[in-house]
Amino acid sequence: MRRRSRNLAITAAVALVLPLAACAGESGPPTLIWYINPDNGGQVEIARRCTDAAAGRYTITTEVLPRDAASQREQLARRLAAHDSSIDIMSLDPPFIPELAEPGFLAPIPDDVAAKASDGVVQGAIDGATWKGKLVAIPFWANTQLLWYRKSVAEKAGLDPSTTPVTWQQIMDAARDQDKFLGVQGAKAESLTVWINALVESAGGHILENPEAPADEITLGLDTDAGRAAADIVGTIGRDGLGGPGLPTADENATMTVFQGDRGSFMVNWPFVWSATNAAVADGTLDQSLIDDIGWALYPQVTEGTDSRPPYGGISLGVGAFSNHTDFSFEAAQCIVAPENQSYYFATNGNPPASVAAYDDPQVAKAFPMADVIRESLEQAAPRPQTPYYNEVSIGLQETWHPPISVNPDTTPQESTDFITSVLRGEALL
């Protein structure tokens, strides 16, 4: 059955979802509802701070979205498709921003707000919050992956990633020569899409050549030199056992565990691994010597001498198009993303700022001594494909690039292209 252009798939649910309108007849200062992703309480505290700063003009309350990004997307998309006026502010995962912007579910950002929200913000965060040349969400916190390494392994291999960028080939050789494991995410999940995208971008290509095009006109850039270079790295790590026996099911946490073990060597992962490893040492689960042996650097290069394009993640703030309080919501969003709130959020919840100035806060340097490297990585970071059809693209990649041992640079890029193209044209189902 031919799949209709979603504009989006979520609109199919409109007839099934009843509007969840905000209470009618609201009197007094309005209450803004901020839908947040689960964290360690940082967004609730920021909501309290910004409520105090509003001095009685409005109150910000929070509602927690599901833990996984796909469920967050589904809940928000369905409610917005039903014109739910209770959604004032949303914490949005960047890959799903175009899907909500394209049908007009996000309130247009006033020019003066957009200019302020873009000033002094890392480039990766701006790119991830932009759709069709316009900022459609306000960057809040930005995330990126670093190369984490065991100093002892790097030294034995003659590498110093802290001073000289290293390549994927170099770290694969080092792991192979020393019978160690590389920390990469090979599970059939979003983390695999993140890895593939970073490899393709680092090789100078793009998964989608024209991401703003309609579904049946999208052109993929996988069957290219960049796509084949990415497939060669994934396939080699899989076939040679460099990712360990658990690679086909390895997510970020499993990868961290491998890295912390006796056969850990190099790992690509998000900054949470630093605070998590320190917490394990404090609890006595791991030894202090592990912390002393950990170094960090920019994401590995695919081509020696060519800057890598690390993964970009994080959260941007969208204002609901059907909110009864869009003016207050934009004002509140600007308070939420203030540099001092971003530095607080990083130091206490481990989520890096989108604001460059926030990295200068002493509490940030104390909690994350690699903060400068994170900031540099965010300037080079590349968002995942920005398209209203991201769900189809991401799942299509996972279907055709998994397990890693099966990935072949001579066949996988073309097979993946054919499958995803068929799905987008309604000729195949995921």
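Located above this text is the structure these notes cover.
Residues numbered from 1 in each chain as written. Predicted model: local features only at pLDDT ≥ 70, side-chain atom pairs only at ≥ 80, totals over all residues. Heavy atoms only, no water.

A few points about the overall build of the chain
When its secondary structure is counted, the chain shows 18 helices and eleven strands. The globule rule puts the C-alpha radius of gyration for 430 residues at 22 Å, and the 22 Å found for the chain is close to it. For the C-alpha atoms alone, the extent of the chain along its principal axes is close to 70 × 55 × 35 Å. The 430 residues of the chain split such that 56% are buried. For the chain, long-range pairs separated by at least 24 residues make up 76% of all intrachain contacts whose partners lie at least 6 apart in sequence. Here the chain displays about 17300 Å² of accessible surface, and carbon together with sulfur accounts for 50% of that area. Averaging the locations of the 28 positively and 54 negatively charged side chains of the chain gives two centres separated by 3 Å. (Helix = DSSP H or I, 4+ residues; strand = E, 2+ residues; numbered from the N terminus. Rg over C-alpha atoms; globule rule 2.2 N^0.38 Å. Buried < 20%, exposed > 50% of the residue type's maximum accessible area, 1.4 Å probe, protein only. Contact = heavy atoms within 4.5 Å. Areas by Shrake-Rupley, 256 points an atom, 1.4 Å probe, with all protein chains shown as cover. Lys, Arg positive; Asp, Glu negative; His and termini not counted. Charge placed at Lys NZ, Arg CZ, Asp CG, Glu CD.)

Thoughts on the sheet that holds strand β9 (residues 264-269)
The pairing of strands in a sheet comes from backbone hydrogen bonds and takes either a parallel or an antiparallel form. A sheet is described by the order of its strands in space; here four strands give the open sequence β8-β9-β7-β10, paired in mixed fashion. Because the sheet does not close on itself, it has two edges, and the strands there are β8 (181-183) and β10 (294-297). Averaged over all neighbouring strand pairs, the angle between strand axes comes to 20 degrees, with direction disregarded. Pairing between strand β7 (residues 146-150) and β9: four bridges, direction antiparallel. Within β9, the position partnered with tryptophan 148 by the bridge is methionine 267. Most of the contacts of helix α7 (residues 168-177) go to β9, to which it runs at about 145 degrees, and overall it touches β7, β8 and β9. (Pairing = 2+ DSSP bridges. Axes fitted to C-alpha atoms, helices over the stretch in contact; angles between N-to-C directions.)

Considerations on the packing of helix α8 (residues 190-202) against helix α17 (residues 390-400)
Packed helices, taken two at a time, are described by the angle between their axes plus the distance between the axes. The geometry of α8 relative to α17 is characterised by a closest axis approach of 9 Å and an angle of 90 degrees between their N-to-C directions. By the angle between their axes, α8 is roughly perpendicular relative to α17. Contact residues: Glu190, Leu192, Thr193 and Ile196 in α8; Tyr390, Ser394, Leu397 and Gln398 in α17. In terms of residue class, the contact of α8 with α17 is built from four nonpolar, three polar and one charged. (Parallel < 35°, antiparallel > 145°, perpendicular 65-115°, else oblique. Nonpolar A, V, L, I, M, F, W, Y, C, P; charged D, E, K, R; others polar.)

Some words on the side chain of aspartate 293
By the secondary structure assignment, aspartate 293 is in the loop between α12 (288-292) and β10. A distance of 2.9 Å separates a polar atom in the side chain of aspartate 293 from the backbone nitrogen of serine 152. Not counting chain neighbours up to four residues away, the residues in contact with aspartate 293 comprise Tyr149, Arg150, Lys151 and Ser152. (Polar contact = N/O pair within 3.5 Å; in protein donor to acceptor, adjacent residues only side chain to side chain.)

Comments concerning the nonpolar core
Core analysis: the biggest nonpolar cluster contains 48 residues, and Trp34, Ile60, Leu106, Ile138, Phe140, Leu317 and Ile336 have the highest contact counts within it. If we ignore the near neighbours within four places in the chain, the residues touching isoleucine 60 are Leu32, Trp34, Ala47, Cys50, Thr51 and Ala332. Core analysis: the next-biggest nonpolar cluster, separate from the first, contains 46 residues, Val166, Trp195, Leu199 and Ile237 among them. (Core = buried A, V, L, I, M, F, W, Y, C linked by side-chain atoms within 4.5 Å.)

As for the state of the cysteines
In total, this model carries one disulfide according to the counting rule given. A sulfur-sulfur separation of 2.2 Å characterises the disulfide bridge that pairs cysteine 50 with cysteine 335. Taking the sign of the S-S torsion, -95 degrees for the link of cysteine 50 and cysteine 335, the bridge is left-handed. In this pair, cysteine 50 is assigned in helix α1 (residues 42-53) and cysteine 335 in helix α13 (residues 326-336), connecting sequence segments 285 residues apart. (Disulfide = S-S within 2.5 Å.)

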